[in-house]
Structures are given as C-alpha cells and as structure tokens.
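# Analysis of the macromolecular model
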Amino acid sequence: MASDLVGHPTETPNRMKSVLRTTLIKTGKMITTMRQCVTSLVFAVLLTGGAVAAAEATQKPNVVVIFIDDLGYADIGPFGATKQKTPHLDRMAREGMKLTSFYAAPVCSVSRAQLLTGCYGARISVPGVYFPGSKNGLNPNEVTIAERLREHGYATMCVGKWHVGDQPEFLPTRQGFDRYFGIPYSNDMQQTSTVTGKKVVPLLRDDKVFELLTDEQQSRIVERYTDEAVGFIRTHKDKPFFLYLPHTAVHTPIWPGEKFRGKSANGRFGDWVEEVDWSVGRVLDTLRELKLDQNTLVVFTSDNGPWLVKGADGGSALPLRGGKGSTWEGGVRVPTIAWWPSKIAPGSVCDAVAGTIDLLPTAVSIAGGKVPAEPVIDGRDISTLLFGKSTTSSRETHYYFAGYNLQAVRQGPWKLAIATQAESMGKGTNADAAQNPRLYNLDQEIGEQTNLAAKYPEIVVKLKELAAKMTAEIGGSSATARRPAGEVANPQTLYPTEAGKPDAKTATNVVKKPANLRELKSGDTVSGESAPQVAGKAFTITCNITTDARDGIILAHGGTAVGYALHLRDGKLVFTTSDKGQQYHVETAFPSSDEPRRIMASLSKDGVLSLQLDKQPAVTTKSPGALSRQPKENFCVGRDDGMPLTKYSTTSTWKGQITELKVEIP
C-alpha cells in the first residue's frame, strides 16, 4: 500500500482515497481468504482425524473362534481322518497353521470356562460339567474374552453351546456378549417338558427360551447356528467383531442335517463332521466375500477328545492315547487350525505347547490391548507363534487338571503323570496307569506307552516340584489362589420340566416313590428325585444276590459325571463311584457257584469305598469324599438305563435274583 502512494506524488486526494479503498478491499479479501483457509484446514484436520480414528477402528482385526464338541485329534482331514471328508478344513490348514500340541480340558464345562477366561478351571472353581438347573456357573465377576474385546470396541456374539451355567446370572448376555443364540448346555441333557410332554432341550435367543427342541429337531442345529453366525458377520462387517461359535456337534446324540445323512464313509458321526466342515466353509467364504479375510483371525478347535465309550459315535484320537474325560493326550490334545491370510504363513505347522487358555490374551493383544496383571490368568499371548516369529511356547509349563486333581504336567517334550488316569470317560484304568509317577517323552512317543521315570530321575524331580507348587496354588482341597464359582440361591430350569421323568424308550416298570427299595426287582427304576438322597452324605448298600453269571449290573444310580454302581465284571464283584468325571473302584473275587451271597458296599463321608462279600474281610480304597451332588439319572436295579456309569462287561438285564436291597444313610 505504501508503494502505491509513494509512486503517485501528484495524485489528487480523491485518487488517493480511491487507491486506499481498493487496497483495503484487496487486503480484506486476503484476510477473508486466509480465514477461510484456516477454517478449511481445521475442518480438514478434524475430518482427517475422524477418518484416521475410523480407519484404526476398522483395522482392529476381527476374531472368530469355532469350538467343536467332542471332536477327536484324528477326526478331520488335516489331522488324519480319511473316512469323513473335510475339504474346507483341509483348505483352512493349507492357507493357515496347524497347531499340533494345542490343549483344552477333559470335559465340557471346564473346557469352555478355560477358553472364556484364560484360566485353568481349578483357578475359577469350574471343575467339571454343569447340569440343567445347577446353582453354580461361571462367576460373573470373572472377565471373559468377550468383555475384554468389548472394551476395545468390538461387537460380540455367542452362537451355540454355552454350558457354563444356565441361570440368568450366568448366561452369555451377562458375560460380555451382546447377543446369544443356542442350546445352553449339552444336547443330551434333555428333560421332559410339562408343556409338550416330550424330552427336549431349550434353544435360547439372548436370555429367553426361543424354542424347545426334540432330538429330531436337532438335525437342523448346525445349519441354524451357521445362519446366525453368517448374519452376525454381515451385520458387523464395518466394525471389529468377536464371534464365538461353539457347536453342539459332534456330541451325542448325533443328528446330522438331512443333506449330509449317509454321505460319509463313517456313519452318522462322519456325516456330522462333514456338516461341521460345511459350516466352517460358509464362515470362511463369507469373510472372503466381504473382503474381511485379510483382517480376521479364525481359530478352529475342540473342547476335549472323543467320547470313546460311544463306539462308532465317538470319534478317534489316534495316534494319541485315551479320550474324553481323561488327561491322557487323547483326552485333552485337540485338532486346531489358525487362519489369518495376511498374517499366518500358509501351510505352516506349530508343535509348541499352546491351548484354549491362551486365546484370551492373544485376542486382546492383536486388538491392541494388554491383559491386566489382576485378576491372574494362566494363558499367554501366542501371537508370536501364530505369526512365525517364535517356535517356543509362551508358557513354561502346561498343567493337566481333572477337576481339582492335578494329574500331569508337561514341560517341553516331557510329560510327568503323577496320578492314576482312566483311559476315557466311561472306561476303566489300564494296569500301567496305576504306576506313579510316569514320565513320557512326547516328541519321541506321542502314544504315552513307555515310562521313562527310572531313566530320568532328575526330570521327574523337577516336574514334581512344579506340580506341587501349582497344586498348592489352585489344586486339591487347600488351594491358596482359587477364586469362587458363581452361585445362585434358588436355581430353576429354563423351562417347566417333569424332573426325573424317565424316557419311555428306555424305562420300564417305573416305580415313582417306593416305600421300600426292598420291593424292587430286576428291571425296575426310580427317578433321581425319589432315589436315596446321597449328595454329600455317607451311605451303605446292602443286598442279597443269587446268580451263576460272571458279569452283570446289580444296581446303578447316576452317570459318568456323578453316581455309583454295583456290578460283576469278569468274575469280580465291583463297587464303582464317579464324581466330577473321575471314577474309583474297589473289587473282590466272586465265587462261581450260584449260592446266595450277601453284599455290603459303602462310601464314607471322607471318601473311603468299602466292599464286603459274605463274612470275608472288607476291601477298601480311597476317593476324595462323598458324592458332590445328587445324581439326576434314574436309580436302576439289574441294569443301567442311561449313559453307562462305567465300563460294564455286559449291559444285559441282570440274570439272577436281587433281594433285600437297601441304601442306608446315617
């Protein structure tokens, strides 16, 4: 402006005013323009920041966990199955990683609790299996994987089998999941509905019973779960999500969908495995279609090993030893595949020790978070294993619990068994399993046959010390760091039931409320509610029998989870109790003549099993204590009409007489 005035010394005052006005106008426009630029820049920064925040949100990886029920180590193609075809899982393994030393737990509820919390079941007081209407469940104070991820902006849904408590306080929508759709426990836990008069299981939508399903209606459960899972993915494709898909399959009863029946070369079990494979394919195809595959971790695994006592319906754990309900490798080492195309190397294999307890810290880590030091968890972040940055386990040691009983410990290739191990739920114990301790090198012999304890005493000592430390912390009856289970005062089943009403297909001559058990005869049954109430109590069984048989069931009350039975096996009289998935036996020789015999069997409150035949000295053994709860199954005389409580040598109805039967409770 000064230069304009100085450059025109002879300009008239009006001209000077005009120049000044023009200059001021230009300057004002410049100022306005500058303000506009600043404003635009501010908006740009804000918009860019929002875009960055949105980008960061969408960049958080999605997490999908597909959890199969009772699938054995050798039940899918990538781990050796040949009779059933699993093309989608085969492709998943080719594009991802096989984890060949991945561990769950021996049975349903504890396995699910471990995955959800990152803790051994013993730490959080979830020892075994919950039944419908149980007062206990996963404590809502525990922080689940869903709650941890929801803190990081994740949408969460559980589709399938829950099985860590069916009371409202324990359901998924109270444990970090926005939505839930599924059967809240095992599909064999049917009860008779007072509305329909049929044996059913409930199908829940969130926290309400949506339908009551008969066995036959379970044939669509894989399809329905898959539809729900795919729908959730589509709905939440624009934000990070966590999908927990614990299938009801392949737990018995086996109910493959109509399109899959008779398709495999392995009966209805193989058919259901093939339907599970189809379901996995739909989930992965949906992720590919929505362009989410490069930003999604999918883990496929199982809750425990195969239920071997079910025969053709039970699957295979080969070459591992044992099955469901045991702490042999076949009971807890499960077929596992991790898939994340942009992060996990295709066709990779990891033999480092890992497990379901590691999924929570791993998911939180890849979401950009860190699990707090309190409350203590047992799992560790295994993302370095998944991404090929390490081949060493994130945990120094793995512990094999059966309930609160620590039965084995593994470090590197070495596994030390410190307690007698049953072969599988419903099966007995082999002679070599009663020799303790037993040391196995799993790298050299995956089938756990050769006891190397005498050859490597220094390893035995080291692993025993680790086991003793962990037992003191969360095992046994005097744990110092065990957190309480959830508990409600007045538990109810989710739908009105005729509790204890026997299945018409299996129960005959049902006696509802006998005045005296001595009136019962072979083939009679009594409902669990009308049977002797033995939970937490000492009891004594007495009866007279006359038979020339060498095998047979005298009485049975309960199932593999909890109960007791008197039976003949290979010429021996056996008294068996089961509790929290573990079995205890005491036996004595039984004469082959058909003379009348007097039997007395008892379980004391401190756990001593005693068996006496006629006037011979009683034989005894020790169990942890009285039965933890009342068996829900029928009390059966001369047979076992439900899930076999133990491995009987015959299941035929008793041949001979059973008289003067009493169960006395002091």
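A short tour of the structure in this document, coming up. (Residues numbered from 1 in each chain as written. Predicted model: local features only at pLDDT ≥ 70, side-chain atom pairs only at ≥ 80, totals over all residues. Heavy atoms only, no water.)

## Things to note about helix α4 (residues 108-117)
- Within α4, 10 of the 10 residues are buried, which leaves it mostly tucked inside the rest of the structure.
- When α4 is considered as a whole, its buried residues turn out to be C108, S109, V110, S111, R112, A113, Q114, L115, L116 and T117.
- Buried residues belonging to α4 abut β1 (62-68), α5 (145-150), β10 (241-246) and α9 (359-366).
- Looking at the residues trailing α4, positive phi occurs at G118, about 75°. (Buried < 20%, exposed > 50% of the residue type's maximum accessible area, 1.4 Å probe, protein only. Helix = DSSP H or I, 4+ residues; strand = E, 2+ residues; numbered from the N terminus. Contact = heavy atoms within 4.5 Å.)

## Some thoughts on the sheet that holds strand β29 (residues 635-637)
- Spatially, 6 strands are ordered β20-β29-β22-β23-β24-β25 in an open sheet, and the strand pairing comes out antiparallel. Every other strand in the sheet has two partners, leaving β20 (525-526) and β25 (582-589) as the edge strands with one partner each.
- When strand β22 (residues 552-558) meets β29, the two strands line up antiparallel, connected through 3 bridges. Considered in β29, the bridge of A556 is made with C636. (Pairing = 2+ DSSP bridges.)

## Quick notes on the side chain of T86
- In this structure, T86 sits in the loop between β1 and α3 (87-95).
- For T86, a relative accessible area of 1% gives the class buried.
- Apart from the residues lying within four places of it in its own chain, the contact partners of T86 are I76, G77, P78, V273 and D277.

## Points about the pairing of β1
- Among the 7 residues that make up β1, 7 are buried, leaving the element largely enclosed by the rest of the structure.
- Pairing of β1 with strand β11 (residues 296-302) involves 7 bridges; the strand directions are parallel. The residue bridging N62 from the neighbouring strand is T296, located in β11.
- In this structure, β1 lies alongside β10, joined through 5 bridges in parallel fashion. When the bridges of β10 are listed, V65 appears paired with Y244.

## Considering the nonpolar core
- In this structure, M92, L287 and F300 are the most contacted members of the largest nonpolar core, which totals 51 residues.
- For this core, the element with the most residues is helix α7 (residues 267-289), which contributes 8 residues.
- If near-sequence neighbours (up to four positions away) are discounted, F300 is found in contact with I66, I68, L71, I76, L89, M92, V276, V280, P335, T336 and I337.
- Ranked by size, the runner-up nonpolar core spans 48 residues in total, among them Y154, L171, L297 and L386. (Core = buried A, V, L, I, M, F, W, Y, C linked by side-chain atoms within 4.5 Å.)

## Some details on the pattern of salt bridges
- The full count for this structure, using the stated rule, is 34 salt bridges.
- Ionic pairing is found between R333 and E329, a salt bridge with its closest N-O pair at 2.8 Å. There is no split in this pair, since R333 and E329 are both buried.
- Among the ionic contacts, a cluster of salt bridges with common partners joins D69, R112, K161 and D303. (Salt bridge = Lys/Arg side-chain N within 4 Å of Asp/Glu carboxyl O.)

## Thoughts on the sheet that holds strand β21 (residues 539-546)
- One open sheet holds the 5 strands; their spatial order is β28-β27-β26-β21-β30, and the pairing between them is antiparallel. On the outer flanks of this sheet lie β28 (619-622) and β30 (657-664), each paired with one strand and no other. With direction set aside, neighbouring strand axes in the sheet form an average angle of 10°.
- Where strand β26 (residues 597-603) and strand β27 (residues 608-613) come together, 5 bridges link them in antiparallel fashion. (Axes fitted to C-alpha atoms, helices over the stretch in contact; angles between N-to-C directions.)

## Structural notes on the environment of P591
- Assignment of secondary structure puts P591 in the loop between β25 and β26.
- For P591, a relative accessible area of 25% puts it in the partly exposed group.
- The sequence separation of P591 and L573 amounts to 18 residues, and the corresponding C-alpha distance is 9.3 Å.
- In this structure P591 touches R550, R597 and L613, once residues within four positions along its chain are discounted.

## What to know about the side chain of S279
- Tracing the sequence through the fold places S279 in helix α7.
- At 2.7 Å, the side chain of S279 forms a polar contact with the side chain of T226.
- Here H247 takes part through its side chain, which lies 3.3 Å from a polar atom of the side chain of S279.
- Apart from residues no more than four positions distant in its own chain, S279 is found in contact with V222, T226 and H247. (Polar contact = N/O pair within 3.5 Å; in protein donor to acceptor, adjacent residues only side chain to side chain.)

## As for the packing of α3 against α7
- Two elements in contact, α3 and α7, have axes whose closest approach is 7 Å; the angle formed by their N-to-C orientations is 50°. Considering the angle they form, α3 stands oblique to α7. Contact residues: P87, H88, L89, R91, M92 and E95 in α3; D277, W278, V280, G281, L284 and R288 in α7. (Parallel < 35°, antiparallel > 145°, perpendicular 65-115°, else oblique.)

## Topic: the pairing of strand β23 (residues 562-569)
- Across the 8 residues that make up β23, a large majority, 8, are buried.
- Of the two faces of β23, the one lined by V562, Y564, L566 and L568 and the one lined by G563, A565, H567 and R569 are each fully buried.
- Across 6 bridges, the pairing between β22 and β23 is antiparallel. When the sheet's bridge partners are listed, L555 is paired in β23 with L566.
- As consecutive antiparallel partners, β22 and β23 are separated by 3 residues.
- As paired elements, β23 and strand β24 (residues 572-579) share 8 bridges and run antiparallel to each other. Along β24, the bridge assignment pairs L566 with F575.
- In this antiparallel pair of consecutive strands, β23 and β24, the connection spans 2 residues, and D570 shows a positive phi of 55°.

## Side note on unusual backbone geometry
- Put simply, L318 and P319 share a cis peptide bond, and its omega is 5°.
- If you trace the backbone, P319 turns up in the loop between β11 and α8 (329-332).
- Each neighbour pair has its own omega, and for E374 with P375 the value is -5°, a cis peptide bond.
- Here P375 shows up in the loop between α9 and α10 (383-386).
- Positive phi values are uncommon outside glycine, yet S125 reaches one of about 60°.
- A relative accessible area of 11% places S125 in the buried class.

Take it as geometry only, folks, not as evidence of what the structure does.
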